[in-house]
Amino acid sequence: MKKKVVVGMSGGVDSSVAAYLLKEQGYDVIGVTMQIWQEDKEYEEREGGCCSLSAVDDARRVADKIGIPFYVLNFRDSFKKNVIDYFIDEYMEGKTPNPCIACNKYLKFDELLKKAQGIGADYIATGHYAKIEEHNGRYILVKSDDDKKDQTYALYNMTQEQLAHTLMPCGEYTKDRIREIAKEIGLDVHNKKDSEEICFISDNNHGKYISEAMPGKVKQGNFVDKDGNILGKHKGIVYYTIGQRKGLGLAMGRPVFVTDINPLTNEVVVGAEEDIFKTDLICKDINFIAFDNLDKSLELKAKIRYSAKPATATITPLENGKVRVSFKEKQRAITKGQSVVFYLDDLVVGGGIIESLV
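Because the structure is a prediction, the values reported are computed rather than measured. (Residues numbered from 1 in each chain as written. Predicted model: local features only at pLDDT ≥ 70, side-chain atom pairs only at ≥ 80, totals over all residues. Heavy atoms only, no water.)

**Q** Is there a simple way to think about the layout of surface pockets in this case?
**A** One simple way to see leftover space: roll a probe sized like a water molecule over the atoms. For the second largest pocket, the calculated volume is near 340 Å³. Lining the second largest pocket are 16 residues, with I132, T166, L167, M168 and E172 sitting closest to its centre. At the level of secondary structure, the elements contributing two or more residues to the lining of the second largest pocket comprise β5 (130-135), α6 (160-164) and β7 (166-167). The element contributing the most residues to the lining of the second largest pocket is β5, with three residues. (1 Å grid on protein atoms, 1.4 Å probe; cavity = no way out; pocket = protein on both sides within 12 Å on 5 of 7 lines; lining within 4 Å. Points joined across faces, edges and corners; volume = space filled by probe spheres on them. Helix = DSSP H or I, 4+ residues; strand = E, 2+ residues; numbered from the N terminus.)

**Q** For this particular structure, what's the right way to read empty space enclosed by the protein?
**A** In total, this model carries one cavity of 30 Å³ or more according to the counting rule given. Space inside the largest cavity adds up to approximately 40 Å³. Around the largest cavity, the lining residues are I101, N104, K105, F109, A154, L155, Y156, N157, M158 and Q162. Ranked by the residues each element gives to the lining of the largest cavity, the list is headed by helix α5 (residues 99-118), at four residues.

**Q** Is there a simple way to think about the nonpolar core in this case?
**A** For soluble globular proteins, the rule of thumb is that nonpolar side chains tend to be buried together. The biggest cluster of nonpolar side chains holds 57 residues, and the ones touching the most others in it are F79 and F200. Counting residues per element, the ones that place at least two in this core are β2 (28-35), α4 (76-92), α5, α8 (206-213), β10 (257-262), β11 (267-271), β16 (339-344) and β17 (347-357). If you tally residues by element for this core, the top one is α5, at eight residues. A125, Y129, I181 and A182 belong to the second largest nonpolar core, which has 29 residues in total. (Core = buried A, V, L, I, M, F, W, Y, C linked by side-chain atoms within 4.5 Å. Buried < 20%, exposed > 50% of the residue type's maximum accessible area, 1.4 Å probe, protein only.)

**Q** Sorry, what's going on with the sheet that holds β7 here?
**A** Whether parallel or antiparallel, the strands of a sheet pair through hydrogen bonds between backbone atoms. One open sheet accounts for five strands, arranged β3-β2-β1-β4-β7; its pairing is parallel. Each edge of the sheet is formed by a strand with only one pairing partner; in this case those strands are β3 (70-74) and β7. As judged from the two bridges shared by strand β4 (residues 123-125) and β7, these two strands associate in the parallel manner. Note that in β7 the partner of A125 across the bridge is L167. Against the sheet, α5 makes contact with β1 (4-8), β2, β3, β4 and β7, and its axis sits at roughly 135 degrees relative to β4, the strand it touches most. (Pairing = 2+ DSSP bridges. Contact = heavy atoms within 4.5 Å. Axes fitted to C-alpha atoms, helices over the stretch in contact; angles between N-to-C directions.)

**Q** When you look at the packing of α4 against α5 in this model, what are you seeing that I'm missing?
**A** Geometry of a packed helix pair, given as the angle between the helix axes and the separation of the axes. The contact between α4 and α5 brings their axes to 9 Å, and the two run at 165 degrees. For the element pair α4 / α5, the angle class is roughly antiparallel. Like other packed secondary-structure pairs, α4 and α5 cross with a definite hand, here right-handed. Across the interface between the two elements, S78, F79, N82, V83, Y86 and F87 of α4 pack against P99, A102, C103, Y106, L107 and E111 of α5. When grouped by side-chain class, the residues that make up the contact of α4 with α5 number nine nonpolar, two polar and one charged. (Parallel < 35°, antiparallel > 145°, perpendicular 65-115°, else oblique. Left-handed = near helix turned anticlockwise from the far one by under 90°. Nonpolar A, V, L, I, M, F, W, Y, C, P; charged D, E, K, R; others polar.)

**Q** Even after reading the chapter, I still don't get helix α7 (residues 175-184), so can you show me in this structure?
**A** What α7 keeps buried is the set K175, I178, I181 and A182. Taken around the axis of α7, the buried residues stretch over an arc of 120 degrees, which confines them to a single face. Of the exposed residues in α7, the ones pointing more than 90 degrees away from its buried face are D176, K183 and E184. Elements in contact with the buried residues of α7: α1 (13-24). (Arc of directions from axis to C-beta.)

Listed below in structure tokens is the structure:
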């Protein structure tokens with residue numbers, strides 16, 4: 001009897017080819033698009049939005065082309081609670097969250113997996129560029145064969161149960177080859193551009209989005225230096241992130257950068273570029289994949305944002321379940337709310353949310 005797999009289809013080339021590859025491998029494939037967005041015609045109708053109406057139409061056409069059943073499932077309430085509300089709350093607290101990581105954690109690899117298992121599926125699958133392998137009875141997450149497209153940074157929250165029931169066929173291919181396969185089998189999405197902005201913010205202006213979502217809550221405040229001297233007025237702390245230089249509107253006669261954001265005083269601290277380089281941080285909400293618990297210090301590579309290069313660091317367990325990360329060399333713009341992810345060569349050790357700098 002064929003193994004049944006539910007493929008999360010976003011309407012993009014990666015998940016489309018993932019569905020095709022799994023069918024070719026002999027799986028009983030079902031295509032599903034997660035309807036995540038709220039009532040918003042501008043979003044639903046715009047081109048390229050993940051899980052917008054145009055994306056649903058693209059996914060449905062792909063399913064028809066490769067000959068698999070296709071369904072749209074409603075995840076709106078969960079997406080609002082676990083992604084949108086979280087995103088807004090974090091920015092209001094002076095942090096910079098990663099909504100894709102939250103979506104992966106709570107929706108794709110939790111709720112979608114549960115729904116898939118509820119209809120008797122053995123696996124879920126996505127178009128992520130990553131590899132899942134089993135070593136000595138433990139499932140591990142490994143970097144994609146295409147290092148430029150590797151997406152393991154956003155997948156560090158996966159549990160052993162989730163890894164055991166997830167397939168990621170694109171991890172063994174380069175992006176160029178995935179596009180070639182899509183073209184070879186006649187998929188119109190073969191040249192569809194990748195979606196790079198936040199999927200629920202159509203103009204990529206997160207400050208404006210949060211201001212409109214929280215009327216009257218985002219207030220002007222002071223730009224200050226590290227000694228508390230007032231330098232000017234800011235639009236609201238949600239418009240800024242650590243390391244930002246452009247768009248500050250300050251005439252200082254020299255470049256200045258956001259070095260801290262204080263939600264209690266509604267102040268944005270600015271300083272010289274050297275002030276945004278740090279070596280140590282504390283992270284919380286830790287998940288380890290390579291082992292269950294960290295019981296002693298470990299030297300490895302770590303990266304503090306999706307686009308960062310892994311850098312040598314030592315991770316040390318703390319009594320409260322948190323982890324201290326000490327980089328060998330200073331890192332630029334370590335940002336509260338972002339994730340720090342740990343690697344040993346191509347193996348994902350785990351990761352957590354950056355809580356504070358030391």
